[in-house]
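# Structural overview for review
Okay, here's what each chain looks like letter by letter:
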Amino acid sequence: MHGLVAYFLPTVLDSTIKTCSAHLPSDAFLRTSAPQLVTRLNAGKDAAWPMAKSAFIKISGKGQGDATLERMPEDVLRPFIEAAITTEVAPSIKAKDCKDVNRIAATLEPLPPENLVALVTEILNVAARGDRKIASCPAD
């Protein structure tokens, strides 16, 4: 989960900025400062890629799809996976939620990227424990 969050959080945040910008005032955090947060989070993407790739293939399902993803060249696979995540997440962000997302993002912005990724990872791990679709780490 950590690899997925570290790799995809900047992409998800960037998609959120694009979705919410039209629904927020010009001085909103997502419009003014979140792009710098995306840049800070992007600094860890390359290091997170091997874990993210492995986790994405694992949760994509078993069988022929796994083998196909594993054989894809990195320069094709990375944009493919990013597009898949963006396509999945973007529709889930609704205009009515943008103010809440803006406040949450502004509150988390002072955290160093490593801590922000760790916090989001733990929240997702806790939320995913009851979801059979997403295997998460068991509670210690």
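Right above here is the structure, for reference.
Residues numbered from 1 in each chain as written. Predicted model: local features only at pLDDT ≥ 70, side-chain atom pairs only at ≥ 80, totals over all residues. Heavy atoms only, no water.

## Things to note about the overall build of the chain
For clarity, the cut-off: Helical segments are the DSSP runs of H or I of at least four residues, strand segments are the runs of E of at least two, and each set is numbered from the N terminus. Accessible area is worked out with a 1.4 Å probe on protein chains only. A residue is then buried under 20% of its type maximum, exposed over 50%, and partly exposed in between. Contacts: residue pairs with any heavy atoms within 4.5 Å of one another. To measure how exposed things are, a 1.4 Å probe is used in the Shrake-Rupley method; for residues, cover is taken only from the protein chains shown.
Across its full length, the chain holds eight helices and zero strands. Along its sequence from the N terminus, the chain presents helices and strands in the succession α-α-α-α-α-α-α-α. When each of the 140 residues of the chain is scored for burial, the buried share is 34%. When contacts within the chain are restricted to residue pairs at least 6 apart in sequence, those whose partners lie at least 24 apart make up 72%. For the chain, the accessible area works out to roughly 8400 Å², and carbon and sulfur atoms hold 61% of it.

## Digging into the pattern of salt bridges
How we decide: The working definition used for a salt bridge is a side-chain nitrogen of Lys or Arg within 4 Å of a carboxyl oxygen of Asp or Glu.
Taken as a whole and assessed by the stated rule, the structure comprises seven salt bridges. With a shortest N-O distance of 3.0 Å, arginine 40 and glutamate 109 are connected by a salt bridge. Of this pair, arginine 40 sits in helix H3 (residues 34–42) while glutamate 109 sits in the loop between helix H7 (98–108) and helix H8 (113–128), placing them 69 residues apart in sequence. The exposure class of glutamate 109 is partly exposed, given its relative accessible area of 25%.

## Describing the environment of alanine 95
Relative to the assigned elements, alanine 95 resides in the loop between helix H6 (74–89) and H7. Residues alanine 95 and serine 21, 74 residues apart in the sequence, show an inter-C-alpha distance of 9.4 Å.

## Things to note about the state of the cysteines
Applicable threshold: Two cysteine sulfur atoms make up a disulfide if the distance between them is within 2.5 Å.
A complete count under the given rule lists one disulfide for this structure. The disulfide bridge from cysteine 20 ends at cysteine 98, spanning 2.1 Å between sulfur atoms. Judged by the torsion about the S-S bond (-80 degrees), the cysteine 20/cysteine 98 disulfide is left-handed. Here cysteine 98 lies in helix H7 and cysteine 20 lies in helix H1 (residues 2–20), a separation of 78 residues in the sequence.

## Thoughts on helix H4 (residues 45–59)
For clarity, the cut-off: Across the chain, bend at a residue is computed as the angle between axes fitted to the seven residues ending at that point and the seven starting from it.
The principal kink in H4, of about 35 degrees, is found at methionine 51. If you check which residues of H4 are buried, you get Lys45, Ala48, Trp49, Ala52, Lys53, Ala55, Phe56 and Ile57.

## Overview of the packing of H4 against H6
Rules: An axis is simply a line fitted to the C-alpha atoms; with a helix, the fit covers only the stretch in contact. Between two such axes, the angle follows the N-to-C directions and lies from 0 to 180 degrees. To sort the angles, those under 35 degrees are grouped as roughly parallel, those over 145 as roughly antiparallel, those from 65 to 115 as roughly perpendicular, and the leftovers as oblique.
Orientation of H4 relative to H6, taken along the N-to-C sense of each, is 75 degrees, at an axis distance of 12 Å. Our classification of the angle between H4 and H6 gives roughly perpendicular. The residues of H6 that touch H4, namely those facing Lys45, Asp46, Trp49, Lys53 and Phe56, are Glu74, Leu77, Arg78, Ile81, Glu82, Ala84 and Ile85.

## As for the packing of aromatic side chains
Basically, it comes down to this: A pair of aromatic rings is counted whenever rings of Phe, Tyr or Trp (Trp by its six-membered ring) have centres within 6.5 Å, and the orientation is called stacked for planes under 30 degrees apart, edge-to-face for over 60 and tilted otherwise.
One pass over the full model with this rule turns up two aromatic pairs. The interplanar angle of 85 degrees and the centroid separation of 5.0 Å between the aromatic rings of tyrosine 7 and phenylalanine 8 together place this pair among those described as edge-to-face. Summarising the burial analysis for this pair, tyrosine 7 and phenylalanine 8 share the class buried. Where tyrosine 7 meets tryptophan 49, the ring centres are 5.0 Å apart and the plane angle is 50 degrees; that geometry is what we call tilted. Here tyrosine 7 is found in helix H1, whereas its partner tryptophan 49 is found in helix H4, with 42 residues between them in sequence. Every member of this aromatic cluster is reached through a ring pair, and the members are Tyr7, Phe8 and Trp49.

## Details of the packing of H1 against H4
Put simply, the rule is: Crossing handedness: left-handed means the near helix sits turned counterclockwise from the far one by under a right angle, and right-handed means the same turn made clockwise. Each residue receives one of three labels: charged for Asp, Glu, Lys and Arg, nonpolar for Ala, Val, Leu, Ile, Met, Phe, Trp, Tyr, Cys and Pro, and polar for the others, Gly being one of them.
The geometry of H1 relative to H4 is characterised by a closest axis approach of 7 Å and an angle of 110 degrees between their N-to-C directions. In terms of orientation, H1 and H4 fall into the roughly perpendicular class. Handedness of the H1/H4 crossing: left-handed. In this structure, H1 contributes His2, Gly3, Leu4, Ala6, Tyr7, Phe8, Pro10 and Thr11 to the contact, and H4 contributes Lys45, Ala48, Trp49, Met51, Ala52, Ala55, Phe56 and Ile59. When grouped by side-chain class, the residues that make up the contact of H1 with H4 number twelve nonpolar, three polar and one charged.

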